[in-house]
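For reference, the chains in residue letters:
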Amino acid sequence: MSPVHGFLYIVYLVTAFDLALKAKFTAKGTLLVLLAGVVPFVSFWAERRVSRRVLAGQPL
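Residues numbered from 1 in each chain as written. Predicted model: local features only at pLDDT ≥ 70, side-chain atom pairs only at ≥ 80, totals over all residues. Heavy atoms only, no water.

Colleague: Just to check I follow, could you spell out the pattern of salt bridges for this structure?
Modeller: Side chains that carry opposite charge are capable of pairing whenever their charged atoms lie near each other. Scanning the entire structure with this criterion turns up 1 salt bridge. Between Asp-18 and Lys-22 there is a salt bridge whose closest N-O contact spans 3.3 Å. Taken as a pair, Asp-18 and Lys-22 lie in helix H1 (residues 2-23) at a separation of 4 residues, close to a single helical turn. (Salt bridge = Lys/Arg side-chain N within 4 Å of Asp/Glu carboxyl O. Helix = DSSP H or I, 4+ residues; strand = E, 2+ residues; numbered from the N terminus.)

Okay, structure coming up:
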């Protein structure tokens, strides 16, 4: 189970970094989104917050 969890975390990091580049996040915003995957379930909160800001055209 551990290798699958590690692989999925790497996929999360790559996907979040790609989103940060495309949405032109600040360095601080990018770091916060990447760190959100460290604490269980915080990534869900961060995804909701980032989605609202991106759709509203606000910088992160």
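Colleague: What is the right way to read unusual backbone geometry from this model?
Modeller: Peptide bonds are mostly trans, and most non-glycine residues show a negative phi. Phi is positive for Lys-24, close to 60 degrees, though the residue is something other than glycine. Topologically, Lys-24 is positioned in the loop between H1 and helix H2 (27-35). Since its relative accessible area comes to 72%, Lys-24 is described here as exposed. Phi angles above zero are rare outside glycine, and Phe-41 is one such case at about 70 degrees. Positionally, Phe-41 belongs in the loop between H2 and helix H3 (42-56). For Phe-41, a relative accessible area of 66% translates into the label exposed. (Buried < 20%, exposed > 50% of the residue type's maximum accessible area, 1.4 Å probe, protein only.)

Colleague: Hey, could you run me through the packing of aromatic side chains in this one?
Modeller: Any pair of aromatic rings gets described here by the distance separating the centres and the angle formed by the planes. For the structure shown, the criterion picks out 2 aromatic pairs. A ring pair is formed by Tyr-9 and Tyr-12, whose centres lie 6.3 Å apart and whose planes are at 25 degrees; its orientation type is stacked. Here the residue Tyr-9 and the residue Tyr-12 both occupy positions in helix H1, the gap between them amounting to 3 residues, near one helical turn. (Phe/Tyr/Trp six-rings, centres within 6.5 Å; stacked < 30°, edge-to-face > 60°.)

Interpretation note: all reported values are geometric properties and have no functional meaning in isolation.
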